[in-house]
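As a plain string of letters, each chain reads:
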Amino acid sequence: MPEPTEVDQDSVVRARNTLLASGRRTPREEVDAYRVLARVSPAAYLPPLARALRQLSHDRVYADRPLDRLALRQEAVAAARAVDPADAKYADVLYEALDSCQWALYDIGRRAEGLAVRAEMLAVGRARAEASGSGTVLGLSAWATGLLEEGRYAEAAEVLAESVARARPHGPASGAFAWSLLEWIAALDAAGRPGQALTVMAELVGMEATEAANDRGPQACHLYALIRYAQMLDAALRHGEAAAARQEALALLGELAAHGERKSWSGYQTTFWSVLFSMSAAESERPVPGRPRPPVGTAPQHWSPDVRERYFDSREALRADVDRLALRAADDPDHLAELVRLQRVLTVRSAVHWELRTHLFAERVRGLFDEGVALARRLRSADPAAGSGALAVALTDRACFRTAGKEFDAALDDFRQVPELLAPCTGPV
């Protein structure tokens, strides 16, 4: 920790008066005061200086000044590093400063530096857990997300295996366990370990069933997990088990249509749906080599800012591509299969975008789900074999979307059609 330095006493008095004065002070005034006092009494004022710098960096004046925002957050990291490591607040102060800094680095595209900061966050989290005897290690999820965005799936799967193992003793009560399982499932799939992903998905289905039965979680989340489980079973060519899972989902959706959710829930279930929806469409995505990609299985608020912005900004170009392809498909049905695929990619990105931003997301994307069903019906008319599977996918997508919007009767109407469409089908859905 740095030694106290000689500071003009008038400056010290003014700084203390700023902090002690009644009434509102600006974030800038607070930072200036703590800068002065941290030179006089580092032990007392370095932690609040780091916090004040982070708070100032969120001021809207820096919205269009990302380099200045980064400079403030880097200063916060420097202040946090200067705290005595023996201080009980050291690890938390440093972790929070590093966390804010990595977001600013990713925001301006300095991804390698951002990932390095996440690695340091994990090191701080491990040291903190060891010192406190806690089973929780801060930074595991952020590090895994960074690895997923870089396509380092095998490494991410190992990190998430540790995250799940640490969270498992606390189970659903931890509030984050289901999300850890979702991240792990997606990473295992992307790493080419579908068998293990399916095993973990079965665990998630069982957990959601128990939570719903005991009124500790939404029935809708159990439904979404069951449907995704059936899709994964089909992909593994375990069609009998997939059909059984779909029948269980159909019965559950019938109960929701008859009685609704047993109790009211927050927006948790819609985010759960949107994450599973993006997971179901992961194979339809075609990432650009050498470019970061969305960490499927992770809620978008945890994606790095540049990846999230690029993913959502792509919707306008996708809409134009879909419209151009639709014109070709009008004259040549051979384009219909690719049109169905591309339109689903647009639907997924739009659904994830609007679910993140507003609880009124349903009206923003309803037309896309209807469009997907209509296109799949056209494909089925032109190519019954390919079209039956595509229509089953589109109806399943719309049934889950309608469930997220609490339109249970309409969702049931859609999902009732799926088993018959898949009866002659042996391909993954």
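Calculation criteria
Residues numbered from 1 in each chain as written. Predicted model: local features only at pLDDT ≥ 70, side-chain atom pairs only at ≥ 80, totals over all residues. Heavy atoms only, no water. Helix = DSSP H or I, 4+ residues; strand = E, 2+ residues; numbered from the N terminus. Buried < 20%, exposed > 50% of the residue type's maximum accessible area, 1.4 Å probe, protein only. Contact = heavy atoms within 4.5 Å. Areas by Shrake-Rupley, 256 points an atom, 1.4 Å probe, with all protein chains shown as cover. Lys, Arg positive; Asp, Glu negative; His and termini not counted. Charge placed at Lys NZ, Arg CZ, Asp CG, Glu CD. Salt bridge = Lys/Arg side-chain N within 4 Å of Asp/Glu carboxyl O. Expected span 1.5 Å × (residues − 1). Core = buried A, V, L, I, M, F, W, Y, C linked by side-chain atoms within 4.5 Å. Phe/Tyr/Trp six-rings, centres within 6.5 Å; stacked < 30°, edge-to-face > 60°.

Q: Tell me about the overall build of the chain, and please be specific about residues and values.
A: When helices and strands are counted, the chain shows 19 helices and zero strands. Along the three orthogonal principal directions, the C-alpha set of the chain runs to about 85 × 50 × 40 Å. Each of the 429 residues in the chain was classed as buried or not, and the buried ones make up 49%. In the chain, of all internal contacts separated by at least 6 residues, the share reaching a separation of at least 24 is 62%. For the chain, the accessible area works out to roughly 19700 Å², and carbon and sulfur atoms hold 53% of it. Computing the positive centroid from 52 side-chain charges and the negative centroid from 59, the chain places the two 2 Å apart.

Q: Describe the pattern of salt bridges, listing the residues and the values that go with them.
A: As enumerated under the stated definition, the model contains 35 salt bridges in all. With its nearest N and O atoms 2.7 Å apart, the salt bridge here joins Arg 168 to Glu 203. Of this pair, Arg 168 sits in the loop between helix H8 (153–167) and helix H9 (177–190) while Glu 203 sits in helix H10 (residues 194–213), placing them 35 residues apart in sequence. Residue Arg 168 is classed as partly exposed on the basis of its relative accessible area of 37%. Of the charged contacts in the structure, one is a salt bridge between Asp 414 and Arg 402, with a shortest N-O distance of 2.8 Å. Of the two residues, Asp 414 sits in helix H18 (residues 408–415) while Arg 402 sits in helix H17 (residues 384–404), which places them twelve residues apart along the sequence. Each of Arg 111, Glu 149, Glu 150 and Asp 306 takes part in one network of salt bridges that share partners.

Q: Tell me about unusual backbone geometry, and please be specific about residues and values.
A: Among all residues except glycine, the phi angle is most often negative; among peptide bonds, the trans geometry is most common. In this model, Asp 215 sits at a positive phi of 60°, which is unusual for a non-glycine residue. One can find Asp 215 in the loop between H10 and helix H11 (219–235). We note that Lys 406 has phi near 65°; this positive angle belongs to a residue other than glycine.

Q: With reference to specific residues and values, describe helix H12 (residues 239–259).
A: In this model H12 runs 30 Å from its N-terminal to its C-terminal C-alpha over 21 residues, within 8% of the 30 Å that 1.5 Å per residue would give. Along H12, the residues that are buried comprise Ala 242, Ala 245, Arg 246, Ala 249, Leu 250, Leu 252, Leu 253 and Leu 256. Of the residues trailing H12, Gly 260 is marked for its positive phi of about 75°.

Q: Describe the nonpolar core, naming the residues involved and giving the relevant values.
A: The biggest cluster of nonpolar side chains holds 100 residues, and the ones touching the most others in it are Met 201, Leu 204 and Trp 273. No other element matches the eleven residues that H11 contributes to this core. The residues contacting Met 201, other than those within four sequence positions of it, are Ile 185, Ala 225, Arg 228, Tyr 229, Met 232 and Leu 276. Of all hydrophobic cores here, the second largest spans 37 residues; its members include Val 31, Leu 70, Leu 98 and Met 121.

Q: Account for the packing of aromatic side chains, naming residues and giving values.
A: Taken as a whole and assessed by the stated rule, the structure comprises 13 aromatic pairs. When the ring of Trp 179 is compared with that of Phe 272, the centres are 5.8 Å apart and the planes differ by 65°; the resulting orientation is edge-to-face. You can see Trp 179 sitting in helix H9 and its partner Phe 272 sitting in helix H13 (residues 268–280), a full 93 residues away along the chain. One aromatic cluster is present, built from ring pairs that chain together Trp 273, Phe 277, Phe 361, Phe 369 and Phe 401.

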